Amino acid sequence: MSEPLVVIGNGMAAMHLVEELTRRALGRYAIAVIGEEPRLAYNRVLLSAVLAQEVSRSEIELRPARWWSHRGVTLLYGRTATAIDPTIRRVRLADGATLPYARIALATGSRPIRLRVPGMELPGVVTFRDLGDVATIEAAARRGARAVVIGGGLLGLEAAHGLAKAGSQVTIVHLMDRLMERQLDARAAGMLKKALEARGVTVHLNAETVGIYGKGRAQAVALKDGTQIEADLVVVAAGIRPNVELAHGANLGIDRGILVDDHLQTSRPGIYAIGECAEHRGVCYGLVEPTYEQARVLAAHLAGEEAHYPGSVLATNLKVSGVNVFSAGDFLGAAGTEQLVLSDPGLDAYKKLVVLGRRLVGAVLFGDTVDGLWYLDLIRSGASIEAIRDDIVFGRTLAERKAA
Ligand SMILES: Cc1cc2nc3c(=O)[nH]c(=O)nc-3n(C[C@H](O)[C@H](O)[C@H](O)COP(=O)(O)OP(=O)(O)OC[C@H]3O[C@@H](n4cnc5c(N)ncnc54)[C@H](O)[C@@H]3O)c2cc1C
């Protein structure tokens, strides 16, 4: 008989887990997926493209309804799991229903952090995490509206780009001294700022938001230095926090995220966590690739195969049309590393490769990013670059031709 496996969350991690598991061991588990959002799983990464009106909502659906039913999955979307009761091995839903489980995969993702400043609850202050948020932003962002995006990380920049493309006047307010400081060095971040400004986006750095003000709805963002920025819409993209409440209620080990071992198992046997809600070896990832790697390892483990998750090397691509940015690994360059730099200000191109001994350990690319994945492969594999070191910064074609 199939063992009941309950997957909680119907996002990118859940879809990939079901795909990998049914490919390896179709029928071994009777799978039920519970998802709070009232729709089939979709590609969250493309929300900014939806906002920018580059793709439609239906185009970002990950798999059609029949894909789930062909795999025998019971799909309960628009339903929220509220508790796990390990003593009777049942998951409780908000509507009172309960589901039996032999195993659980928590894939509850994360939610946007709301700043602790006055005015966060005003109408017109929104976050950017799901299709519901996109609908709220679209409703508020009429053509010519003044939009302030709080947060100059990947998400904030993509929200800013989507809003600017849809006709809003956009200002980014960022606490740090450079944009995307978790992925870019000062040079690339400076080039990015210039490129955004050339697209009509205003950028405030070292800017701490101290409040959002308005009568009945958001009308201005106040900064610590006294600046007031008028706003019809405020998008808060100031970071994410893993959804750990269910795990907390079930007394699972939690730090920032739900603690998992190399099998993605939580502190309780038979309950696993993957994706943005999980914390592995001290790291909570906020990107799709680690999420998919974890889903693959968990699927293999559940299918009875030997599999371990060793952690992921992070890589990021900014999806702002016409602004190509790529970053991977140790992009700043820790002590003991060397840096190979190619810069052409005329072409707005910049490339920095970070080398440790014979290995490539990090990369930042601005402008020409076509070799990003090749550099990423070299970083991940740890292969020796000795034979191509002189030419590696000029790109794959030249480096491999000369090495041949
Ligand atoms: C606008 C945007 C752009 C992004 N761009 C990139 C990018 O370019 N590259 C990249 O790598 N990553 C990007 N990301 C991050 C990426 O989308 C996430 O890393 C990925 O979605 C994580 O997958 P997940 O399944 O862990 O979480 P999610 O996809 O968030 O899925 C979790 C799901 O669980 C549901 N849920 C939570 N609690 C419950 C409950 N109690 N009961 C039932 N359901 C529940 C949630 O409603 C949600 O639908 C972006 C994210 C956003 C928002």
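This one's a predicted model, so the numbers in the text were calculated from it and none came from an experiment. (Residues numbered from 1 in each chain as written. Predicted model: local features only at pLDDT ≥ 70, side-chain atom pairs only at ≥ 80, totals over all residues. Heavy atoms only, no water.)

(A) Focus on the pattern of salt bridges. In the structure shown here, the tally under the stated rule is 21 salt bridges. Between Glu305 and Arg24 there is a salt bridge; the shortest N-O distance is 2.7 Å. Taken as a pair, Glu305 in the loop between helix H8 (288–302) and strand S21 (315–317) and Arg24 in helix H1 (residues 12–25) lie far apart in primary sequence, 281 residues in all. For Glu305, a relative accessible area of 35% gives the class partly exposed. On the basis of relative accessible area, Arg24 is assigned to the partly exposed category, the value being 29%. (Salt bridge = Lys/Arg side-chain N within 4 Å of Asp/Glu carboxyl O. Helix = DSSP H or I, 4+ residues; strand = E, 2+ residues; numbered from the N terminus. Buried < 20%, exposed > 50% of the residue type's maximum accessible area, 1.4 Å probe, protein only.)

(B) Expanded view of the pairing of strand S16 (residues 233–236). Neither face of S16 is exposed, since Leu233 and Val235 on one face and Val234 and Val236 on the opposite face are all buried. Bridge count between strand S9 (residues 125–127) and S16: 3 bridges; the pairing is parallel. Looking across to S16, one finds that Val125 is bridged to Val234. As defined by bridge partners, strand S10 (residues 146–150) adjoins S16 across 4 bridges and the pair is classed as parallel. Within S16, the residue paired with Ala147 across the bridge is Leu233. (Pairing = 2+ DSSP bridges.)

(C) Structural context of the packing of aromatic side chains. Taken as a whole, this structure holds 3 aromatic pairs when the rule is applied. Between Tyr285 and Tyr309, the ring centres sit 6.4 Å apart and the planes meet at 80°, which makes this aromatic pair edge-to-face. One end of the pair, Tyr285, is in the loop between strand S20 (278–280) and H8; the other, Tyr309, is in the loop between H8 and S21, and 24 residues separate them in sequence. The class of Tyr285 is buried, set by a relative accessible area of 8%. (Phe/Tyr/Trp six-rings, centres within 6.5 Å; stacked < 30°, edge-to-face > 60°.)

(D) Summary view of the nonpolar core. With 59 residues, the main nonpolar core has Ile8 and Leu106 as its most contacted residues. No other element matches H1, which puts 8 residues into this core. Every residue in contact with Leu106, bar those within four places of it in the chain, is listed here: Ile8, Ile84, Leu246, Ala247, Leu252, Ile258, Ile271, Tyr272, Ala273, Ile274 and Cys277. Counting residues in hydrophobic clusters, the runner-up holds 42 residues, among them Val50, Ile137, Ala141 and Leu233. (Core = buried A, V, L, I, M, F, W, Y, C linked by side-chain atoms within 4.5 Å. Contact = heavy atoms within 4.5 Å.)

(E) Representation of the sheet that holds S9. Within the open sheet, the 5 strands sit side by side as S9-S16-S10-S11-S12. Their pairing is parallel. The open sheet has two edge strands, S9 and strand S12 (202–204), and neither has a second partner. Between one strand and the next, the sheet's axes are offset by a mean angle of 20°, whatever the strand orientation. (Axes fitted to C-alpha atoms, helices over the stretch in contact; angles between N-to-C directions.)

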